There are 2 protein chains.
Amino acid sequence: MTGKVVIFGVGLIGGSFARALKRAGAAAKIVGVGRSPEAMARALELGIVDEVAASPAEAMRGADLVLIAAPVAQTGAILASILPHLEPGTVVTDAGSTKSDVVQAAREALGVRIGQFVPGHPIAGRETNGPDAAIPDLYIGKKVVLTPLPENAAADVERVAAAWRACGALIHKLSPAEHDKVFAAVSHLPHLLAYALVDDIANKPHAKQLFQYAASGFRDFTRIAGSSPEMWRDISLANREALLGELDAYLAQLTGLRAMLASSDGAALESVYANAQHARREWIEAIEAAETPADHDSAK
Amino acid sequence: MTGKVVIFGVGLIGGSFARALKRAGAAAKIVGVGRSPEAMARALELGIVDEVAASPAEAMRGADLVLIAAPVAQTGAILASILPHLEPGTVVTDAGSTKSDVVQAAREALGVRIGQFVPGHPIAGRETNGPDAAIPDLYIGKKVVLTPLPENAAADVERVAAAWRACGALIHKLSPAEHDKVFAAVSHLPHLLAYALVDDIANKPHAKQLFQYAASGFRDFTRIAGSSPEMWRDISLANREALLGELDAYLAQLTGLRAMLASSDGAALESVYANAQHARREWIEAIEAAETPADHDSAK
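The structure reproduced in this document is the subject of the present report. (Residues numbered from 1 in each chain as written. Chains lettered and ligands numbered in written order. Predicted model: local features only at pLDDT ≥ 70, side-chain atom pairs only at ≥ 80, totals over all residues. Heavy atoms only, no water.)

Remarks on the pairing of strand 2 (residues 27-33) of chain A
Residue and element names in this part refer to chain A.
Argument step 1. In terms of residue burial, strand 2 counts as a mostly covered element, since five of its seven residues are buried.
Argument step 2. Note: strand 1 (residues 2-8) against strand 2, six bridges, orientation parallel. Opposite isoleucine 7, over in strand 2, you have glycine 32 as the bridge partner.
Argument step 3. Taken together, strand 1, helix 1 (residues 12-24) and strand 2 constitute a β-α-β crossover, and its handedness is right-handed. (Buried < 20%, exposed > 50% of the residue type's maximum accessible area, 1.4 Å probe, protein only. Helix = DSSP H or I, 4+ residues; strand = E, 2+ residues; numbered from the N terminus. Pairing = 2+ DSSP bridges. Right-handed = clockwise from strand over helix to strand, strands pointing away.)

Let's talk about the relation of the copies chain B and chain A
The two chain copies are related to each other by a rotation about an axis together with a translation along it.
Argument step 1. Overlaying chain B with chain A gives an RMSD of 0.0 Å, the required rotation being 180° about an axis along which the chain moves by 0.0 Å. Seen this way, the second copy is the image of the first under a two-fold rotation axis. Among all C-alpha atoms of chain B, that of Phe221(B) lies closest to the rotation axis, at 2.0 Å.
Argument step 2. Interface residue correspondence from chain B to chain A reaches 100%, placing this contact among same-surface, isologous pairings. (Least-squares fit on C-alpha atoms with pLDDT ≥ 70 in both. Contact = heavy atoms within 4.5 Å.)

A short note on the packing of aromatic side chains
Argument step 1. Under the counting rule described, the total for this entry stands at 15 aromatic pairs over all chains.
Argument step 2. Aromatic pair Tyr273(A) and Tyr195(B): ring centres 4.2 Å apart, planes at 10°, arrangement stacked. Note that Tyr273(A) is positioned in helix 12 (residues 266-290) and Tyr195(B) in helix 7 (residues 176-202), a pairing that runs across two chains. Neither Tyr273(A) nor Tyr195(B) differs from the other in exposure class; each is buried.
Argument step 3. Here Tyr139(B) and Trp164(B) contribute two aromatic rings whose centre-to-centre distance is 4.8 Å and whose plane-to-plane angle is 80°, an arrangement assigned as edge-to-face. Of this pair, Tyr139(B) sits in the loop between strand 7 (120-122) and strand 8 (143-146) while Trp164(B) sits in helix 6 (residues 154-166), and the two are 25 residues apart along the sequence. Summarising the burial analysis for this pair, Tyr139(B) and Trp164(B) share the class buried. (Phe/Tyr/Trp six-rings, centres within 6.5 Å; stacked < 30°, edge-to-face > 60°.)

Comments concerning the pattern of salt bridges
Argument step 1. Scanning the entire structure with this criterion turns up 32 salt bridges over all chains.
Argument step 2. One salt bridge in this structure joins Lys204(B) and Glu246(A), with 2.8 Å as the shortest N-O distance. Of the two residues, Lys204(B) is situated in the loop between helix 7 and helix 8 (207-213) and Glu246(A) in helix 11 (residues 240-262); the pairing between them involves two chains. As far as the burial class goes, Lys204(B) and Glu246(A) line up, both buried. (Salt bridge = Lys/Arg side-chain N within 4 Å of Asp/Glu carboxyl O.)

Observations concerning the interface of chain B and chain A
Argument step 1. On the chain A side, the residues contacting the 86 residues of chain B number 86 residues.
Argument step 2. The three residues of chain B that bury the most area against chain A are Tyr213(B), Tyr273(B) and Trp283(B), which together make up 10% of that side's buried surface.
Argument step 3. The tally of links between chain B and chain A comes to ten salt bridges.
Argument step 4. The salt bridge partner of Arg219(A) is Glu288(B), with a shortest N-O separation of 3.8 Å.
Argument step 5. Taken together, chain B and chain A are joined by 41 residue pairs in polar contact (both at pLDDT 80 or more).
Argument step 6. At the level of secondary structure, the elements contributing two or more residues to the side of chain B that touches chain A comprise strand 8, helix 7, helix 8, helix 9 (216-221), helix 10 (229-238), helix 11 (240-262) and helix 12 (266-290) of chain B.
Argument step 7. No other element matches the 19 residues that helix 7 of chain B contributes to the side of chain B that touches chain A.
Argument step 8. Taken together, the residues of the side of chain B that touches chain A sort by class into 49 nonpolar, 18 polar and 19 charged. (Buried area = accessible area lost by both parts, 1.4 Å probe. Polar contact = N/O pair within 3.5 Å; in protein donor to acceptor, adjacent residues only side chain to side chain. Nonpolar A, V, L, I, M, F, W, Y, C, P; charged D, E, K, R; others polar.)

Topic: the side chain of Thr147(B)
Argument step 1. Secondary-structure assignment places Thr147(B) in the loop between strand 8 and helix 6.
Argument step 2. Once you skip the residues sitting within four places of it in the chain, Thr147(B) turns out to touch Lys99(B), Pro119(B), Leu174(B), Ser175(B), Pro176(B) and His179(B).

Printed below as a string of structure tokens:
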């Protein structure tokens, strides 16, 4: 049970955190802060937050836990705005999709108070946004990656972890650099590749004809190209080094496949395709096994 | 109403064609032919076909319409095997995912009888196969692209089109070269890209960790990498020229994005991402509009 929880940004991520904590009875009071008066009024109307704070000073008074769920590029400015009001007992976390840049911005903004900031990243999302998109179930069974800093007290990391566990999430820990390398490979690169394909096709003279014949495979492959361009611009830039590394590895992979295709090397192509199919099948099986916990077996 | 329909290969594609024709009462008799005695026995047991032919000679006697729904690399050999038994009134079509290579193989196999072959490609599929996967609904509302040849009689093209329409499909017509260029862009390239990404990740030393954090975006992006490696090796090679062209365009696109990222050009990145998001949204809206025919509006 946490006392006062403050959430900067009550859209899908912050609003769902609020709803999940409320349902679990895990927060005495939830206070929202945000730039859009309309969104804040809507969050209050929907019962997502108990109060809307008029200023960071008001919000931070007596806060136990603060979640920054605003676009990642705003994290530094938000931290700077709360620093003058940051009480010694308050723990601050975030929900940003990149971590090295957030940690750097936090160090610049908080200075010697950096120990009060525990970086985090909930691995959950949808293509909707705003307070109306917030649901209490968003984090059930989902991973939340915390990337604790050497300066963090164990009890402060645990306060953040406990709040996410109350939302139904599973806690994982990585270093900020590990986190960014992992998500560059399995999330940021696929987004860039999907955007690249749709833009490539849209710019061809016969784009209309091409889209006419695109079917369900194309639809799934490009689903993530429906995501917010501003958000993914920020993520791409924030995780530039790791993403460039993954992109270069992928370009080398494609260049290899191109050579196999140009020389009609069917055996080599099939070997790559088969390895991919096999690896993906193992991954799906592992996911499905994880979604069927052993202690539920008796209830089947 | 067609009289005798012969289907080479009664898996998902051929079996579903049979089931749909039967349900529509659009074929007097359906005869199956295939290399696997087990699959043929199963097709008979499931009622997908009325008879299993022991030889091409037996199958082709009195046939009105023949569908070749076997792996595309076998098309030439199947056509060669039926040529000695091909009666003047029989029309042959296929279901191959590539068309220029099929037409070339058909010309080599059939020679002056090429006019009796009407190439086709139903744009429907699933990740399952074999007779048990066959369903009568597979083609409802789906496109079937016919790529008629100059030698085809209009009535023969219409016989093929009518059979597919009886299955609930919508008939489109392209030249074989147009067909292959279109599907290289919207289907064959995405498959290669998805296989490439999964293989790339699976070969990294920390693959296990990476897969652990892959989420729903990755799952959708790579769904088509779960497809048959043999089938996609054949398609890649069969449509090599067009696929190389699309792959080169995509490599140029990625190289451009890499430069934007390396120089931290956020405006350029956002412009590509936004163009892709916009194009995809228009495409999805067009699909959804097409799935809601105007003449159904009154029943809403």
